[in-house]
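# Descriptive analysis of the structure
In case you want the letters, here they are:
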Amino acid sequence: MSRDEWHEFVSAGTRTGKLATVRADGRPHVVPVWFVRDGEDLVFTTWHTSVKAANLRRDPRAALCVEDDEPPYSFVMIEGSVRLDEGTDALRDWATRIATRYLGAELGQTYGARNGVDGELLVRLTAERVTAQANIAD
């Protein structure tokens, strides 16, 4: 996929991302996350005491995979480093954008208010390496 194609792919519909981080003992930790794209960055939120937050505080490297699990199958994997923002004024706005993508405008406002609170972290994964394959089964 070209840059424009992978941008469109990760932004389309309600595909979740599978976020991979590394635990303190070296074991992988993979969880689904809701996200939105902002330029070359993927933006999501997490609670400050979550396993992924602890992992990312210790080691900011992460990978996020987005897939289309319907034939002919495609995926994008983004590797990079994250920046964690606590108490940012933009948190509620980003939380609302993310929730709106997955739940629609009405519920997006509700979930944005719920997740745009103290204790929630705004996470920005900057793409440093992208692997993108379209139509694998063709």
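As shown above, the structure is provided for reference.
Cut-offs and rules
- Residues numbered from 1 in each chain as written.
- Predicted model: local features only at pLDDT ≥ 70, side-chain atom pairs only at ≥ 80, totals over all residues.
- Heavy atoms only, no water.
- Patch = residues over 30% accessible without salt bridge, like charges linked within 9 Å, V, L, I, M, F, W, Y side chains within 5 Å.
- Areas by Shrake-Rupley, 256 points an atom, 1.4 Å probe, with all protein chains shown as cover.
- Salt bridge = Lys/Arg side-chain N within 4 Å of Asp/Glu carboxyl O.
- Helix = DSSP H or I, 4+ residues; strand = E, 2+ residues; numbered from the N terminus.
- Buried < 20%, exposed > 50% of the residue type's maximum accessible area, 1.4 Å probe, protein only.
- Arc of directions from axis to C-beta.
- Contact = heavy atoms within 4.5 Å.
- Polar contact = N/O pair within 3.5 Å; in protein donor to acceptor, adjacent residues only side chain to side chain.

Nonpolar side chains collect at one region of the surface, where W34, L103 and L107 lie side by side and expose about 240 Å² of accessible area between them. Counting through the fold element by element, W34 comes out in the loop between β2 (28-33) and β3 (36-38). Owing to a relative accessible area of 33%, W34 belongs among the partly exposed residues under this scheme.

For helix α2 (residues 51-58), every residue scored as buried is listed here: K52, A53, N55 and L56. Seen end-on, α2 carries its buried residues on one side only, within an arc spanning 165°. Packing partners of the buried residues in α2 comprise β1 (17-22), β2, β4 (41-47), β5 (61-68), β6 (74-86) and β7 (120-133).

Within the secondary structure, T46 is located in strand β4. Of the polar contacts made by the side chain of T46, one reaches the side chain of K52; its length is 3.3 Å. Residues within four places of T46 in sequence aside, it is in contact with K52, A53, G119, E120, L121 and V123.

On to the side chain of D41. Examined against the element boundaries, D41 turns out to sit in strand β4. Residue classification places D41 among the buried residues on the basis of a relative accessible area of 12%. One polar contact links D41 to T126, side chain to side chain, over a distance of 3.0 Å.

This paragraph deals with helix α1 (residues 3-11). Among all positions of α1, only W6, H7, F9 and V10 are buried. For α1, the arc enclosing every buried residue in end-on projection is 165°, short of the 170-degree limit, so these residues lie on one face. Of the residues in α1, the exposed ones pointing more than 90 degrees away from the buried face are D4 and E8. On its buried side, α1 packs onto β3, β4, β5, β6, α3 (91-103) and β7.

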